[in-house]
Amino acid sequence: MALDPDQLVVTGSGRVYVGTVTASTIPTNVSAAIDLAGTDGWAEAGYVSEAGITFSFGRETKEIKGWQSRNPLREVVLATPSSFKCELLQWNHVTMRLALGGGSITGSNPNFQYAPPPASFRDERAFIIEGYDGDYTYRWIFKKGLNSATAEFSFVRENPVGLPVEIKILDDDTTENPYIFQTNDPEIGQFSLVGT
């Protein structure tokens, strides 16, 4: 494969969307708009810290060994854990409930109150993460995930109060794939190379 600077990806900006599992419409391709209307639409989470989004796609394996060999005979895949994490900078109805694991916000202006969810509640959500590099969009769609981060933040004088989230991707009940990736980057679409 040749040295090609066109294949570098520098996502200088992006967006995070939160949706309802099985109810929010999954875009069919990267050119399809994300539905932000209605109760089953997606909600944008707003600004994240300048550290951006950190993705993790793991593979847990177990070696099968034999008495007659010093080398593994086979490698068995036990799990493929996936996750992403970021720090949300905007405080609103979407981000606060996501960071704290659900709950409810009630009241009317100027008096509002947050009540946490029961300990047994699982706040499962769908997510779309988009990264932008010039004219190209890199869109990850996670069909079901759960925030596993500890909601640890500080009230300080000089910095915004961030809400940390770490979303563990869960198995999707409707398909085999817990996530999909969409892009309009032609460098990724070219798969006619020898050996691939």
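Let us look at the structure shown here.

Criteria and thresholds
- Residues numbered from 1 in each chain as written.
- Predicted model: local features only at pLDDT ≥ 70, side-chain atom pairs only at ≥ 80, totals over all residues.
- Heavy atoms only, no water.
- Phe/Tyr/Trp six-rings, centres within 6.5 Å; stacked < 30°, edge-to-face > 60°.
- Helix = DSSP H or I, 4+ residues; strand = E, 2+ residues; numbered from the N terminus.
- Buried < 20%, exposed > 50% of the residue type's maximum accessible area, 1.4 Å probe, protein only.
- Contact = heavy atoms within 4.5 Å.
- Core = buried A, V, L, I, M, F, W, Y, C linked by side-chain atoms within 4.5 Å.

1. Here's the deal with the packing of aromatic side chains
The final tally for this structure, using the stated rule, is 16 aromatic pairs. Where Trp91 meets Phe153, the ring centres are 5.4 Å apart and the plane angle is 85°; that geometry is what we call edge-to-face. Residue Trp91 is located in the loop between strand S6 (82-88) and helix H1 (93-99), and its partner Phe153 is located in the loop between strand S10 (136-147) and strand S11 (163-169); the two are separated by 62 residues in the primary sequence. Taking relative accessible area as the criterion, Phe153 reaches 33% and is therefore assigned partly exposed. Among the aromatic residues, those joined into a ring-pair cluster are Phe55, Phe57, Phe84, Phe127, Tyr138, Trp140, Phe142, Tyr179 and Phe181.

2. Quick word on the environment of Val18
When you line up the elements, Val18 lands in strand S1 (residues 13-19). With relative accessibility at 5%, the residue Val18 sits in the buried group. When neighbours within four sequence positions are excluded, Val18 is seen to be in contact with Gly41, Trp42, Ala43, Ala45, Val94, Leu98, Arg125, Ala126 and Phe127.

3. A look at the nonpolar core
Phe84, Leu88, Leu98, Phe127, Val165 and Ile167 are the most contacted members of the largest nonpolar core, which totals 16 residues. For this core, the secondary structure elements donating two or more residues are S1, S6, H1, strand S9 (124-133) and S11. It is S11 that contributes the most residues to this core, four residues altogether. Setting aside anything within four residues of it in sequence, one finds Ile167 in contact with Ser82, Ser83, Phe84, Leu98, Phe127, Gly145, Leu146 and Asn147. Membership of the second largest hydrophobic core comes to six residues, among which are Tyr17, Ala126, Ile128 and Ile141.

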